[in-house]
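Architecture at a glance
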Amino acid sequence: MIRTDQGHVVRALTIAGSDSGGGAGIQADLKTMHQFQVYGMSVLTSLTAQNTNGVQGIYEVTPEFVRLQLESVYTDLGIDVVKTGMLVNTKIIHTVASFLREIDIEKVVVDPVMVAKGGTPLLRQESVEILKDELLPLAMVITPNVVEAEELCGYSIRDFEDCHRAAIDIAALGPRAVIVKGGHMPPDWIKDAPNLVVDLVYVGGEFTYFASERVDTYKTHGTGCTFSSAITSMLARGASILESVGMAKAFIYEAVKRAKTWDVGAGHGPTDQSAPIPARFEPMSSAFYVFRNGRWNEESR
Ligand SMILES: Nc1ncnc2c1ncn2[C@@H]1O[C@H](COP(=O)(O)OP(=O)(O)O)[C@@H](O)[C@H]1O
Ligand SMILES: Cc1ncc(COP(=O)(O)O)c(N)n1
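Residues numbered from 1 in each chain as written. Chains lettered and ligands numbered in written order. Predicted model: local features only at pLDDT ≥ 70, side-chain atom pairs only at ≥ 80, totals over all residues.

Description of the overall build of the protein
Inclusion rule: Secondary structure counts use DSSP, requiring at least four H or I residues in a row for a helix and at least two E residues in a row for a strand, with both numbered from the N terminus. Here the globule rule is a power law, 2.2 Å times the number of residues to the power 0.38, and the radius of gyration is based on C-alpha atoms. Buried means a residue has 20 or more other C-beta atoms within 10 Å of its own C-beta, exposed means 12 or fewer, and partly exposed covers the counts in between; C-beta atoms are placed from the backbone. For the purpose of contact definition, each residue receives a C-beta atom placed from its backbone, and two residues are in contact when these atoms lie within 7 Å.
A tally of regular secondary structure across the protein gives 8 helices and 11 strands. Against the globule reference of 19 Å for 301 residues, the protein gives a C-alpha radius of gyration of 18 Å, in line with a compact fold. With respect to the principal axes defined by its C-alpha atoms, the protein has extents near 50 × 45 × 40 Å. When the 301 residues of the protein are sorted by exposure, 51% land in the buried category. Long-range pairs, those at least 24 residues apart, make up 70% of the contacts in the protein between residues at least 6 apart in sequence.

Topic: the nonpolar core
Stated formally: A set of buried residues qualifies as a nonpolar core if it consists of Ala, Val, Leu, Ile, Met, Phe, Trp, Tyr and Cys joined through C-beta atoms within 7 Å.
Membership of the largest hydrophobic core comes to 86 residues, with the highest contact counts inside it found for Val-141, Ala-177, Val-201, Ala-230, Ile-231 and Ala-248. Per-element tally for this core: the top contributor is helix H8 (residues 241-259), with 12 residues. In this structure Val-201 touches Ala-177, Ile-179, Phe-207, Thr-208, Phe-210, Leu-242 and Val-245, once residues within four positions along its chain are discounted.

Overview of the confidence of the model for the protein
Which entries qualify depends on this criterion: pLDDT is defined as a per-residue confidence score from the predictor, taking values between 0 and 100.
For the protein, per-residue confidence averages 95 on the pLDDT scale, and residues scoring 70 or more make up 100% of the total. The ipTM value of the predicted complex is 0.98, and its pTM value is 0.98.

Side note on the site of ligand 2
The cut-off we apply is this: Here is the check we use: build the C-beta atom from the backbone, and if it is within 6 Å of the molecule or strand, call the residue near. We call Asp, Glu, Lys and Arg charged. Ala, Val, Leu, Ile, Met, Phe, Trp, Tyr, Cys and Pro are nonpolar, and the rest, Gly among them, are polar.
Ligand 2 sits among 18 residues. The nearest are Gly-17, Ala-24, Gly-25, Ala-116 and Gly-224. Counting only elements with at least two residues in the shell around ligand 2, the list comes to strand S1 (11-19), strand S2 (39-51) and helix H7 (223-236). A per-class count over the shell around ligand 2 returns 7 nonpolar, 9 polar and 2 charged.

So, the packing of helix H1 (residues 25-35) against H7
For the record, the criterion: To get an axis, fit a line to the C-alpha atoms, keeping to the stretch in contact for a helix; angles then go from 0 to 180 degrees between the N-to-C directions. For classification, angles of less than 35 degrees are called roughly parallel, those exceeding 145 degrees roughly antiparallel, those between 65 and 115 degrees roughly perpendicular, and all remaining angles oblique. The handedness criterion is simple: a crossing whose near helix is rotated anticlockwise from the far helix by less than a right angle is left-handed, and one whose near helix is rotated clockwise is right-handed.
Running from N to C, H1 and H7 cross one another at 40 degrees; their axes reach a closest spacing of 8 Å. Of the possible angle classes, the one that applies to H1 and H7 is oblique. Handedness of the crossing formed by H1 with H7: right-handed. Contacts from Gly-25, Ala-28, Asp-29, Thr-32 and Met-33 in H1 reach Cys-225, Thr-226, Ser-229, Ala-230 and Ser-233 in H7.

A short note on the packing of helix H2 (residues 63-76) against helix H3 (residues 90-103)
Contact geometry of H2 with H3 gives a least axis separation of 9 Å together with a crossing angle of 25 degrees. Between H2 and H3, the interaxial angle falls into the category roughly parallel. Handedness of the crossing formed by H2 with H3: right-handed. Where H2 approaches H3, its residues Pro-63, Val-66, Arg-67, Leu-70 and Tyr-74 are matched on the opposing element by Lys-91, Ile-92, Thr-95, Val-96, Phe-99 and Ile-103. The residue inventory of the contact of H2 with H3, partitioned by class, reads 8 nonpolar, 1 polar and 2 charged.

Some remarks on the site of ligand 1
Taken together, the neighbourhood of ligand 1 is formed by 19 residues, with Lys-181, Gly-183, Val-215, Thr-223 and Gly-224 sitting nearest. Among the secondary structure elements, those contributing two or more residues to the shell around ligand 1 are strand S8 (196-203), H7 and H8. Per-element accounting of the shell around ligand 1 gives the leading share, 4 residues, to H8. Considering only residue class, the shell around ligand 1 consists of 6 nonpolar, 9 polar and 4 charged.

Description of the UniProt feature "domain: Pyridoxamine kinase/Phosphomethylpyrimidine kinase" (unreviewed entry) in the protein
So the rule is basically this: UniProt positions are given in the numbering used here, feature names are shortened, and annotations may be inferred rather than shown by experiment.
Under the present numbering, the feature "domain: Pyridoxamine kinase/Phosphomethylpyrimidine kinase" (unreviewed entry) in UniProt falls on residues 19-272. End C-alpha atoms of residues 19-272 are separated by 15 Å, and the span's content is 39% helix alongside 20% strand.

Section: unusual backbone geometry
Even without glycine at this site, Ser-286 takes up a positive phi of about 60 degrees. If you trace the backbone, Ser-286 turns up in the loop between H8 and strand S10 (288-292). Judged by the 11 C-beta atoms lying within 10 Å of it, Ser-286 is exposed.

Written out as structure tokens, the structure reads:
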């Protein structure tokens, strides 16, 4: 396990739902944190009966028990960085936000999980506003996909230009960095490069782009959870926001590529978090980076 400059093991907490199939949620988060050699801890907001075919049921943990788990972790183990995933309902968002305000933690990554890949809602519709009002002001980084970005900014996103506008508007709600993920973007949104999947990062008033080849597969269960946990782990290790996103993007590409041919489950198979962690790189802002042949390259666009 990695240690901080002060000599203690780096501790990351995920506050999210359980995926019984092990591909997304808490399970994906802990596997990713372990791969990045960060000590992972978990507070469960909900249990899902879930597999690669879909979600068969959801059991919501009470807000009181969520609070108890948070206190158990904080009072004994301590927390360097927090990531939130599936938060299910308004009361749990409120409980989590109150706790984060109390402990005054700087590194908070919010993955605004709303809908499972198969279409099952993982957050109640009426809870989106409270997510915006209470949690977003506490976030250092937020990682919406295009559908979640539409919910947060309140208008439909029709092209890559709209993604930029949405990122600026979501940043105005509080997060220091907004990452609009490209998994759901139609191929023709990225001019001249329809085979790339591009994540757009807005931080410090500038846009930086992280791209990789789009792996031709439907086995992308848990990509969002894995990606945000990789960012969380890198932030916990002391990396900058851009460096963390770059490492996470390269990692998720390898994890999806490896999963393309494996036989875990009959449906939307999970990503493979045993993929290698890429070599360190120092991104500059406002650049377009493409991860090719295991290396980052800066490209003009
Ligand atoms: N087919 C793919 N090939 C390579 N990377 C992908 C692919 N699909 C998604 N990704 C990456 O996985 C991460 C999650 O993306 P996305 O699918 O948009 O989010 P979510 O899982 O929240 O819906 C992003 O970094 C995205 O670029
Ligand atoms: C418990 C839980 N949390 C999150 C997701 C979203 O998964 P994805 O990362 O594929 O968007 C999920 N399906 N289940």
